[in-house]
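Next come the chains, spelled out residue by residue.
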Amino acid sequence: MNDKQQVSRSGQAQAAPALIPRVDVIEDDTGITIFADLPGVPKDRLALRVEGETLQIEGDIASEMPEGMEAVYAEVQVPRYRRAFTLSRELDTAKIDAGLKDGVLTLRIPKTEHAQPRRIEVRSG
Amino acid sequence: MYESLFTFPGLFAEFDRLQRDAQQAFGALGLPSSIRAVAQGAFPAINIGGTPAAVEVYAFVPGLDSTKIDVTVDRSVLMISGQRSRSASEEDSKISVYASERFAGEFRRAISLPDDVDPARVTARYRDGLLHVTIGRRESAQPKRIQIN
């Protein structure tokens with residue numbers, strides 16, 4: 001969307017490595033809905049941040065590991081998810097609604113009212 | 001010890017490839033990607049661990065009702081299967097779908113367990129989208145301290 005901005009941001013060193021969660025992004029007339037798969041992340045280990053036009057989702061996997069467990073095989077090798085999105089201006093970041101259920105984060109980002117489609121009444125006479 | 005039973009070189013390679021694809025699609029890790037960017041992949045991811053008393057299997061299956069996940073143990077094969085529905089109906093013409101990376105449809109994964117597990121001692125818990133299956137090992141297979149008289 002804005003290459004210059006992204007390049008300058010990449011200069012900032014990101015902390016620990018993280019997995020990129022899979023998402024569905026759906027737009028309708030009134031806003032955008034994001035569904036993100038964050039299996040293993042409880043509510044208190046999830047962080048959502050909006051900085052300017054960037055929305056960042058970060059979550060830590062909390063899995064109960066029995067004492068003395070040795071990893072035998074691992075497809076998920078990093079206990080953290082992180083993903084960031086650049087939002088567009090017509091989205092109202094102050095009114096983001098977030099819900100987390102069974103490891104799926106649902107984010108609803110409404111469009112600002114003036115950006116929503118309107119039907120214009122035609123007066124007769 | 002159990003490595004021979006648990007190494008799936010094909011799957012490992014596949015997972016690495018998926019990760020590379022994802023990284024390619026989004027540039028360096030952590031870099032903000034467009035909210036309308038796209039990527040594809042596999043489901044569910046599985047981690048396996050072992051203790052002297054049990055085999056621990058973690059399956060990353062988010063967004064399911066615990067009653068809709070089937071966990072079966074047949075001899076020494078653990079099968080995890082179920083179905084996940086799509087988040088948005090495709091028929092709805094008023095919506096635009098920018099990313100549909102999340103898995104939808106039927107899934108099934110088989111995990112071969114070591115020979116010393118006891119199929120009668122299996123427990124499964126589902127929490128925050130993470131399925132944790134514990135399969136106990138047979139008493140006779142567990143390490144025992146031998147008393148010296």
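No experiment lies behind these values; they were computed from the predicted model shown. Within any chain, residue numbers begin from 1 and follow the written order of that chain's sequence. Numbering of ligands from 1 and lettering of chains from A proceed in the order in which they are written. In view of the model being predicted, local features appear only for residues whose pLDDT reaches at least 70, and side-chain atom pairs are presented and counted only at 80 or more, with totals across whole chains, interfaces and linings using the full set of residues. Hydrogens and water molecules were not included; the side-chain quantities draw on all heavy atoms of the structure.

### Observations concerning the confidence of the model for chain A
Next up, step 1: The score called pLDDT rates the predictor's confidence residue by residue, from a low of 0 to a high of 100. When pLDDT is averaged along chain A, the result is 83, and 88% of the positions lie at 70 or above.
Next up, step 2: In the predicted structure, residues 1–13 of chain A sits below a pLDDT of 50 and forms twelve contacts with residues beyond four places in sequence or in another chain. Any two residues having at least one pair of non-hydrogen atoms within 4.5 Å are treated as being in contact.

### Some thoughts on the pairing of strand β7 (residues 97–101) of chain A
Side-chain direction in a regular strand flips from residue to residue, so the side chains alternate between the two faces of the sheet.
Residues and elements named next belong to chain A.
Next up, step 1: Any two strands with at least two DSSP bridges between them are considered paired. Secondary structure elements are taken from DSSP: a helix is a run of H or I of four residues or more, a strand is a run of E of two residues or more, and numbering for both begins at the N terminus. Strand direction decides the pairing type here: β7 and strand β8 (residues 104–110), joined by five bridges, are antiparallel. The residue bridging Gly99 from the neighbouring strand is Thr106, located in β8.
Next up, step 2: Count of turn residues in the β7/β8 antiparallel hairpin: two residues, of which Asp102 carries a positive phi of about 50°.

### A closer look at the packing of aromatic side chains
All names here are of chain B.
Next up, step 1: Pairing of aromatic rings covers Phe, Tyr and Trp, the last counted by its six-membered ring, and requires centre-to-centre distances within 6.5 Å; plane angles under 30 degrees mean stacked, over 60 mean edge-to-face, and any other angle means tilted. Enumeration over the complete set of coordinates arrives at one aromatic pair over all chains.
Next up, step 2: Relative to Phe107, the ring of Phe103 lies with its centre 6.3 Å away and its plane at 75°, an arrangement referred to as edge-to-face.
Next up, step 3: For Phe103, a relative accessible area of 22% translates into the label partly exposed. Partly exposed describes any residue whose relative accessible area lies between the buried limit of under 20% and the exposed limit of over 50%, with all areas from a 1.4 Å probe on protein chains only and scaled to the type maximum.

### What about unusual backbone geometry?
Peptide bonds are mostly trans, and most non-glycine residues show a negative phi.
Next up, step 1: With a phi close to 50°, Asp102 of chain A is a non-glycine residue in the positive phi region.
Next up, step 2: Relative accessible area serves as the criterion here: at 25%, Asp102 of chain A is assigned to the partly exposed category.

### Quick word on the sheet that holds strand β8 (residues 117–127) of chain B
Next up, step 1: Within the open sheet, the five strands sit side by side as β5(A)-β2(B)-β3(B)-β9(B)-β8(B). Their pairing is antiparallel. The open sheet terminates on both sides in strands that have one partner only, identified here as β5 (70–74) of chain A together with β8 of chain B. Across the sheet, the mean angle from the axis of one strand to that of its neighbour is 20°, orientation sign disregarded.
Next up, step 2: Relative to strand β9 (residues 130–137) of chain B, strand β3 (residues 54–60) of chain B runs antiparallel, the two sharing seven bridges. Directly across from Ala59 of chain B, in β9 of chain B, lies its bridge partner Leu131 of chain B. Axis angles are defined between N-to-C directions and span 0 to 180 degrees, where every axis is a line fitted to C-alpha atoms and, for a helix, only to the segment in contact.

### Brief notes about the sheet that holds strand β4 (residues 69–74) of chain B
Residue and element names in this part refer to chain B.
Next up, step 1: Across the sheet, three strands lie side by side as β4-β5-β7; this open sheet has antiparallel pairing. Strand pairing shows two members of the sheet lacking a second neighbour, β4 and β7 (105–112), which therefore form its edges. On average, each strand axis in the sheet is tilted by 15° relative to the strand beside it, whichever way the strands run.
Next up, step 2: Pairing geometry for strand β5 (residues 77–84) and β7, over eight bridges, is antiparallel. For Gln83, the partnering residue across the bridge sits in β7 and is Glu106.

### What about the confidence of the model for chain B?
Residues and elements named next belong to chain B.
Next up, step 1: Per-residue pLDDT for chain B has a mean of 75; in total, 67% of the residues score no lower than 70.
Next up, step 2: Within chain B, the lowest mean pLDDT, 35, falls on helix α1 (residues 3–6), and the highest, 93, falls on β9.
Next up, step 3: A low-confidence stretch, residues 1–11 stays under pLDDT 50, and its non-local contacts, those more than four residues away or across chains, total 19 contacts.
Next up, step 4: Below a pLDDT of 50 lies the segment residues 34–41, which in the model reaches 32 contacts outside its immediate sequence neighbourhood of four places, other chains included.
Next up, step 5: Among the scores for the predicted complex, ipTM is 0.77 and pTM is 0.72.

### Section: the nonpolar core
A general feature of soluble globular proteins is that nonpolar side chains tend to end up buried together.
Next up, step 1: The definition of a nonpolar core used throughout is a set of buried Ala, Val, Leu, Ile, Met, Phe, Trp, Tyr and Cys residues joined through side-chain atoms within 4.5 Å. Ranked by size, the top nonpolar core spans 26 residues in total, and within it Ile34 and Leu38 of chain A together with Phe60 of chain B carry the most contacts.
Next up, step 2: Listing elements by their share of this core, those giving two or more residues are β1 (23–28), β2 (31–37), β4 (54–60), β6 (80–86) and β8 of chain A together with β3 of chain B.
Next up, step 3: Look past the residues within four positions of Leu38 of chain A in its chain and what remains in contact with it is Pro21, Leu46, Ile57, Tyr81, Gly103 and Leu105 of chain A together with Asp128 of chain B.
Next up, step 4: One finds Ile48, Phe107, Leu131 and Ile135 of chain B within the second-largest nonpolar core, a separate group that totals 20 residues.

### Some thoughts on the environment of Arg127 of chain B
Next up, step 1: The topology assignment puts Arg127 of chain B in strand β8.
Next up, step 2: A C-alpha to C-alpha distance of 24 Å links Arg127 of chain B and Ser100 of chain B, two positions 27 residues apart in sequence.

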